[in-house]
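# Summary of the model geometry
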Amino acid sequence: MKKIFSMFMALTMTVAAQAIVVESLVLKNGTVLHGYIQKQNGDLCTFLSDNALVILNNKDVVGISNERAYRISELNDAWKQWAEKNDAFEGLGDNRTLTLCDVTTKDRTAGMVKVLERGATIKYLEMTPTTYIVSWEKEVRMKRGERRKKTALSGINVKYQLKSGMEYQGQFAEDADSTLSVYLENGVMQTFKTGDVVKYSYYPVNPNQTIFEQSPLLDVVRTKHGENVGVIIEENYASNKDEENYLLLQQQTGAIQSIKISELVETRKQVNPAYDPKFDILLKDGDVVIDRQEVAKVKIKEKNDDLVLDSLPSKLMEVKAAADNATHITVEYRNDRQASGTTAFQLVRVQTRKVKKENECFFTYKDLVNALYRPQRVETSVNHTTKMEYVVGGKGLFVLYDAEHKRGVPFRVK
């Protein structure tokens, strides 16, 4: 019985065009590749890395050449971020430099890499997307999943069903020699034997998005009868015979296709153009942001039937009006005392009038009752962040009114 997630063989390397980071391969010599498994064909696995920490025996290195100091303006964002984080720059300001070089082996030349260790072992950091063809049995120690951040609101989880009937579900963590690991909802990593798993089920984290919007990669499954593209949602290995085991592939039309494991010729991955990840923002109780920008709150007092803004902030938050006169506004906040199904704010347009030669900004109770601006969408994340999406027409001064605390968040569409 063969399981499609663990087919690998022999190590060679070639330059690639593009990569994203979904998982990592840790090789037995200490090399770590960050990217994703691009293709599986029999025992061969092609890994497309975005970046890598490569470790070589000195005898396998033909030479180190073209060493020079690159100015910060010559570096890409990946190198800049790494150098900043690791205090690797030399010099000051725009004159800062990072020394890079080329490392040549009998198979290839890795250009513009950062050598971290010399001597009996050569260790270097590579930031160029590269294709590696690796051997699971001979070269790979384990595969690791790229753990989602707390702010991630979308992604793919997996449920493992064991022979015993026990089930574990969460985010994929590790695939080692004979064990699998998954991050449970409480953050604990659960490990179990690979041979005990009879079924893998893959499902989206966010119920408000499709599995295609949450999967960074598409599965391309080639069989003896042709090629199919979609997302693998299930793998079944209850039998010891490949002809009785199967996988389920969901296509973008919604159709689900059953494919026998015995008919598999090759599986590969490709970047999913429909991938639309959603990210949260971590806020403290009482925090508010508009379009992920900091805002200021003002007091609001009653005056007859009007509600008057105490003042306007010296730095008033501004939103650029849309060309089609339909400006999208995204409000995010946290209110731990908010009742389920309610919102803490109402959006109203603010009027201006002269009072004793001073401009007074106000709105009325009638404006609140009419509620001309209602959120098109409201959702509260697992991190207790409430997100409201509005569309407002025209330009002018607006305020998010918090009736409970008699406060408002003013902003201008201009």
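Numbering of residues begins from 1 in every chain and follows the order in which that chain's sequence is written. With the structure being a predicted model, the display of local features is reserved for residues of pLDDT at least 70 and the display and counting of side-chain atom pairs for 80 or more, all residues being used for whole-chain, interface and lining totals. With hydrogens and water stripped out, all remaining heavy atoms of the structure feed into the side-chain values.

### Quick word on the overall build of the chain
Where helices and strands are cited, they refer to DSSP runs of H or I of at least four residues and of E of at least two residues respectively, numbered from the N terminus. Looking only at helices and strands, one finds three helices and 33 strands in the chain. The C-alpha extent of the chain, read off along each of the three principal axes, is 85 × 60 × 40 Å. Expressed as a percentage of the 414 residues in the chain, the buried residues total 45%. Sequence separation of at least 24 residues holds for 61% of the intrachain contacts in the chain that already meet a minimum separation of 6. Here the positive residues are Lys and Arg and the negative ones are Asp and Glu; neither His nor the chain ends is included. Here the site of a charge means atom NZ of a Lys, CZ of an Arg, CG of an Asp or CD of a Glu. Computed over 58 positive and 55 negative side-chain charges, the separation of the two mean positions in the chain equals 3 Å. The cut-offs for exposure are 20% and 50% of the maximum accessible area for each residue type, with area from a 1.4 Å probe on protein chains only; residues under the lower value are buried, those over the upper are exposed, and the others partly exposed. Residues count as neighbours in contact if any of their non-hydrogen atoms are within 4.5 Å of one another.

### Looking at the packing of aromatic side chains
A pair of Phe, Tyr and Trp rings is counted when the ring centres sit within 6.5 Å of each other, with Trp represented by its six-membered ring. The angle between the planes then sorts it: under 30 degrees is stacked, over 60 is edge-to-face, the rest tilted. One pass over the full model with this rule turns up nine aromatic pairs. The interplanar angle of 90° and the centroid separation of 5.9 Å between the aromatic rings of tryptophan 79 and tryptophan 82 together place this pair among those described as edge-to-face. Placement of the pair is tryptophan 79 and tryptophan 82 together in helix H1 (residues 77-85), with a separation of three residues, close to one helical turn. Judged by its relative accessible area of 3%, tryptophan 79 is buried. Judged by its relative accessible area of 18%, tryptophan 82 falls in the buried class.

### A closer look at the pattern of salt bridges
By salt bridge we mean one thing: a side-chain nitrogen of Lys or Arg within 4 Å of a carboxyl oxygen of Asp or Glu. Considering all chains together, one arrives at 23 salt bridges under this definition. Two residues, aspartate 219 and lysine 269, come together in a salt bridge whose shortest N-O distance is 2.4 Å. Remark: lysine 269 occurs in strand E20 (residues 264-271) and aspartate 219 occurs in strand E16 (residues 217-223); sequence separation between them is 50 residues. Taking the relative accessible area as the measure of exposure, lysine 269 reaches 30% and is therefore partly exposed. A salt bridge links glutamate 227 to arginine 268, with the shortest nitrogen-to-oxygen separation between them at 3.0 Å. Residue glutamate 227 is found in strand E17 (residues 226-236), and its partner arginine 268 is found in strand E20; the two are separated by 41 residues along the sequence. Since its relative accessible area comes to 43%, glutamate 227 is described here as partly exposed. If you follow the salt bridges from partner to partner, you end up with Arg222, Glu227, Glu266 and Arg268 in one network.

### Examining the sheet that holds strand E26 (residues 327-333)
The strands making up a sheet associate through hydrogen bonds between their backbones, and the pairing can be parallel or antiparallel. Two strands pair if DSSP finds at least two bridges between them. Reading across from one edge, E22-E21-E26-E31-E30 is the order of the five strands in this open sheet, with antiparallel pairing throughout. Edge strands, defined here as strands with exactly one partner in the open sheet, are strand E22 (293-294) and strand E30 (377-380). Strand direction decides the pairing type here: strand E21 (residues 288-290) and E22, joined by two bridges, are antiparallel. Directly across from isoleucine 290, in E22, lies its bridge partner glutamine 293.

### Let's talk about the confidence of the model for the chain
Values of pLDDT, ranging from 0 to 100, describe the predictor's confidence in every residue of the model. When pLDDT is averaged across the chain, the result is 91; 95% of the residues are at 70 or more. Of the regions scoring below 50 in pLDDT, residues 4-17 engages in 58 contacts with residues more than four places distant in sequence or in other chains.

### Description of H1
Taken together, the buried positions of H1 are occupied by Trp79, Trp82 and Ala83. For H1, the buried positions fall inside an angular range of 95° around the axis, keeping them on one side. Residues of H1 that are exposed and point more than 90 degrees away from the buried face comprise Asp77, Gln81 and Lys85. Among the structural elements, strand E6 (97-105), strand E7 (109-117) and strand E8 (121-126) are those in contact with the buried residues of H1. Each polar contact in these results corresponds to two N or O atoms within 3.5 Å; when the atoms are within protein, one needs to be able to donate a hydrogen and the other to accept it, and residues that are neighboring in sequence are counted only if both atoms are side-chain atoms. Among the residues of H1, the N-terminal cap falls to asparagine 76, whose side-chain oxygen and the backbone nitrogen of alanine 78 are separated by 3.2 Å. Within this analysis, the arc is defined by the directions that extend from the helix axis to the C-beta atoms.

### Thoughts on the environment of methionine 127
Secondary-structure assignment places methionine 127 in the loop between E8 and strand E9 (130-134). Taking the C-alpha atoms as reference points, methionine 127 and isoleucine 256, separated by 129 residues in sequence, lie 38 Å from one another. Setting aside residues up to four positions removed in sequence, methionine 127 forms contacts with Asp50, Asn51, Ala78, Trp79 and Trp82.

### Here we look at the environment of threonine 105
Assignment of secondary structure puts threonine 105 in strand E6. The residues contacting threonine 105, other than those within four sequence positions of it, are Leu56, Asp60 and Val62.

### As for the side chain of asparagine 335
On the secondary structure map, asparagine 335 appears in the loop between E26 and strand E27 (346-349). A relative accessible area of 17% places asparagine 335 in the buried class. A polar atom in the side chain of asparagine 335 sits 3.0 Å from the backbone nitrogen of arginine 337. Residue contacts for asparagine 335: discarding those within four places in its chain leaves Asp285, Ala344 and Glu404.

### Things to note about the pairing of strand E29 (residues 358-364)
By the criterion of burial, E29 is predominantly enclosed, with five of the seven residues buried. Pairing geometry for strand E24 (residues 306-309) and E29, over three bridges, is antiparallel. Opposite leucine 307, over in E29, you have phenylalanine 363 as the bridge partner. Strand direction decides the pairing type here: strand E28 (residues 351-355) and E29, joined by five bridges, are antiparallel. When the sheet's bridge partners are listed, arginine 353 is paired in E29 with glutamate 360.

### Focus: the environment of leucine 312
Looking at the secondary structure, you find leucine 312 in the loop between E24 and strand E25 (317-319). With relative accessibility at 33%, the residue leucine 312 sits in the partly exposed group. Here leucine 312 is in contact with Cys361, Leu397, Pro410 and Arg412, once residues within four sequence places are set aside.

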